[in-house]
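In case you want the letters, here they are:
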Amino acid sequence: QPSKYPETPYTKYVATRRIHGYTLFQIVFFCGVFFVQNTPSVAIVFPFMTLLCIPARLFLAPKFFERWELCLLDGYDEEIHAWMTAKEASERASGFADSDELE
């Protein structure tokens, strides 16, 4: 239930379907690392598999998610704050306002 989600930048701006998609993306890579770690015949490549998660995040994730979604979903706090500031400034400049501001 989306109404039960905590009020965070990503729950406010990113669609629930996209949040779940990102979670699935992470689970797939977790399962890959877990499989390699627990399979004795391929366990030797565990460090390489773990290392592959970095380029997957840098190059594969942007093929499925927008840059701003990734910023909100797993960005640094400073990046998220900068994005939120720019988003709010953009909304003010375009004339959109929250219902709180209209009262």
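Refer to the preceding data block for the structure.
Reading the values: the criteria
- Residues numbered from 1 in each chain as written.
- Predicted model: local features only at pLDDT ≥ 70, side-chain atom pairs only at ≥ 80, totals over all residues.
- Heavy atoms only, no water.
- Salt bridge = Lys/Arg side-chain N within 4 Å of Asp/Glu carboxyl O.
- Helix = DSSP H or I, 4+ residues; strand = E, 2+ residues; numbered from the N terminus.
- Buried < 20%, exposed > 50% of the residue type's maximum accessible area, 1.4 Å probe, protein only.
- Core = buried A, V, L, I, M, F, W, Y, C linked by side-chain atoms within 4.5 Å.
- Contact = heavy atoms within 4.5 Å.
- Phe/Tyr/Trp six-rings, centres within 6.5 Å; stacked < 30°, edge-to-face > 60°.

(A) Spotlight on the pattern of salt bridges. The final tally for this structure, using the stated rule, is two salt bridges. In this structure, the salt-bridge partner of R18 is E69, at a minimum N-O distance of 2.8 Å. Placement of the pair is R18 in helix α2 (residues 16-38) and E69 in helix α4 (residues 67-74), with a sequence separation of 51 residues. Classification of E69 by relative accessible area gives buried; the value is 5%. Put simply, R57 and D74 hold a salt bridge, and the shortest N to O gap is 2.7 Å. Within this pair, whereas R57 is found in helix α3 (residues 46-64), its partner D74 is found in helix α4, the two being separated by 17 residues in sequence.

(B) Layout of the environment of R67. Mapping R67 onto the fold places it in helix α4. The class of R67 is exposed, set by a relative accessible area of 75%. Put simply, R67 and A15 are 52 residues apart on the chain and 14 Å apart in space, counted from C-alpha to C-alpha.

(C) Local environment of the nonpolar core. Core analysis: the largest hydrophobic core is formed by 14 residues, its most contacted members being Y13, Y22, F65, L70, L72, W83 and M84. Among the elements that take part in this core, α4 stands out by supplying four residues, more than any other. When residues no more than four places from it in sequence are discounted, the contact partners of Y13 are W68, L72, W83, M84, K87 and E91.

(D) Broad picture of the packing of aromatic side chains. One pass over the structure, following the stated rule, counts eight aromatic pairs. A centroid spacing of 6.4 Å and a plane angle of 20° characterise the contact between Y22 and F25, whose relative ring orientation is stacked. In this pair, Y22 and F25 are both assigned in helix α2, three residues apart and thus about one turn of the helix distant. You'll find Y22 and F25 in the same group, each marked buried. Look at W68 and W83: their rings are 5.7 Å apart centre to centre, the planes differ by 10°, and that puts the pair in the stacked class. One end of the pair, W68, is in helix α4; the other, W83, is in helix α5 (residues 77-94), and 15 residues separate them in sequence. An aromatic cluster is defined as three or more aromatic residues linked by ring pairs; in this entry it consists of Y22, F25, F29, F64 and F65.

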